Amino acid sequence: MLDDRAKLLLKALVERYIADGQPVGSRTLSKASGLELSPATIRNVMADLEELGLIASPHTSAGRIPTARGYRLFVDTLLTAKPGMSREAGSFESQLLPDQPQRVIASAAHLLSSLSSFVGVVTSPRKTAVFHHIEFLRLGDRRVLVIMVSPDGDVQNRLVFTAQDLTQSDLTEASNRLNAHYSGLSLDVVRDRLRTEVDQLRGEIAKLMSAAVDVGHQGLQEHEPMIISGERNLLTVQDFSHDMGSLRRMFDLFEQKTQLMRLLDVSERAEGVRIYIGGESQVVPVEELSIVSAPYEVDGEVVGTLGVIGPTRMAYDRMIEIVDITSRMVTNALSQK
């Protein structure tokens, strides 16, 4: 347990280091904290903080920097919120139009990146395998264009080939039957029912309807699970500019996405903004990175996660507000009817 003086000095040290990126010495800390303490007293408190693993001393400097554990204590108990992002973020809200969910997700990732100057990441809303409406368009030479519309307005187009050349009236019959009897059902249910009703349908029509169900499943599999924006911003971060190993690990993380998806899946089950600091656990695979994330909803149900990825030396108060505001804007945009 830290006394109030130690907490105030740790808070001042973290804030000074975040602002300057330089190890903080006792003289600088005395001015930053506003406490009338002797240099010897401050050095004693810093020694105690270092023994607790909250700060560390780089080999090249007499000053101290926060450790992952120090950042964790700072964000959990010492962080002071400084509201002020609403107007800045509000100028982007007009980009989050509800007509196409993927546009909302892409705009949100760009917004997170732009406001933070780091990396914005958004997982796409979980898709249910359901279609709302389907049309078949004859293109000739046994070619048929399948046009499938999902309940949230996403449109998928696929070209399929039939064994026989069907007329447009045949295709209209098939689309009318699907729309009348199966609209709003899951594709798995539609597939099962088609198996039992296949004897009631002409062979080619039944095959075409089954092909349409396959088109819907393929569309879900091809759906981009995550949008990442602003990876190149990390190239200009002072903490990474001379460490090619760290940069390589970070870009591997963005390229592979698997570990990132697991982390954001965990965030989706949490309420509100969560902060993951590299180095404090195995959750964040790159020690020099921190992730500030929050879930977003559609009509009261959590369907995805968004966040900012940047260096552990980031302005956490600002990042928390950016993520929180963006989460609420995405929720509002996707919940509009």
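The structure reproduced in this document is the subject of the present report. (Residues numbered from 1 in each chain as written. Predicted model: local features only at pLDDT ≥ 70, side-chain atom pairs only at ≥ 80, totals over all residues. Heavy atoms only, no water.)

On to the overall build of the chain. When helices and strands are counted, the chain shows 12 helices and 10 strands. Burial status across the chain gives 45% buried among its 337 residues. Sequence separation of 24 or more characterises 61% of the internal contacts of the chain that already satisfy a separation of 6 or more. (Helix = DSSP H or I, 4+ residues; strand = E, 2+ residues; numbered from the N terminus. Buried < 20%, exposed > 50% of the residue type's maximum accessible area, 1.4 Å probe, protein only. Contact = heavy atoms within 4.5 Å.)

For the structure on display, the rule yields 7 salt bridges. Of the charged contacts, one joins Asp-20 and Arg-16 as a salt bridge, the two residues approaching to 2.8 Å between their closest N and O atoms. Pair noted here: Asp-20 and Arg-16 are both in helix H1 (residues 4-20), with a separation of 4 residues, about one helical turn. On the basis of relative accessible area, Asp-20 is assigned to the partly exposed category, the value being 39%. Classification of Arg-16 as partly exposed rests on a relative accessible area of 30%. Across the pair Asp-76 and Arg-72 runs a salt bridge, and its minimum N-O distance is 3.1 Å. Taken together, the residues Asp-76 and Arg-72, both in helix H4 (residues 68-78) and 4 residues apart, mark about one turn of the helix. You can call Asp-76 exposed: its relative accessible area is 51%. (Salt bridge = Lys/Arg side-chain N within 4 Å of Asp/Glu carboxyl O.)

Attention now moves to the sheet that holds strand S5 (residues 143-149). Spatial ordering of the open sheet is given by S4-S5-S6, a layout of 3 strands whose pairing is antiparallel. Each edge of the open sheet is held by one strand with a lone partner, namely strand S4 (133-140) and strand S6 (155-161). Each adjacent strand pair in this sheet contributes to an overall mean axis angle of 20 degrees, direction not counted. Summarising the sheet, S4 and S5 pair through 7 bridges and their orientation is antiparallel. Looking at the pairing, Gly-140 lines up with Arg-143 of S5. Strands S4 and S5 of the sheet are contacted by helix H7 (residues 168-182), whose axis makes an angle of about 165 degrees with S4. (Pairing = 2+ DSSP bridges. Axes fitted to C-alpha atoms, helices over the stretch in contact; angles between N-to-C directions.)

Our next topic: the sheet that holds strand S9 (residues 289-298). Taken in spatial order, the 5 strands line up as S7-S3-S10-S9-S8 in an open sheet, and their pairing is antiparallel. The two strands at the open ends of the sheet, each matched to only one other strand, are strand S7 (226-229) and strand S8 (274-277). Across this sheet, the average inter-strand angle for adjacent strands is 20 degrees, counted without regard to direction. In the packing of helix H12 (residues 316-335) onto the sheet, the strands contacted are S8, S9 and strand S10 (301-311), and the crossing angle to S9 comes to about 25 degrees.

Moving on to the nonpolar core. Within the largest apolar cluster, 70 residues are counted, with the highest numbers of intra-cluster contacts made by Leu-234, Leu-260, Leu-289 and Tyr-316. Broken down by element, this core gets its largest block of residues, 9 residues, from H12. Setting aside its immediate chain neighbours within four residues, Leu-234 contacts Phe-118, Val-119, Phe-240, Leu-247, Met-250, Phe-254, Leu-289, Ile-309 and Gly-310. Counting 18 residues, the second largest nonpolar core, distinct from the first, contains Val-144, Val-146, Leu-187 and Leu-194. (Core = buried A, V, L, I, M, F, W, Y, C linked by side-chain atoms within 4.5 Å.)

As a further point, take the environment of Leu-9. Relative to the helices and strands, Leu-9 resides in helix H1. As a C-alpha pair, Leu-9 and Leu-29 span 20 residues in sequence and 7.0 Å in three-dimensional space. Leave out the neighbours within four places in its chain, and Leu-9 touches Leu-29, Ser-33, Leu-35, Leu-37 and Val-45.

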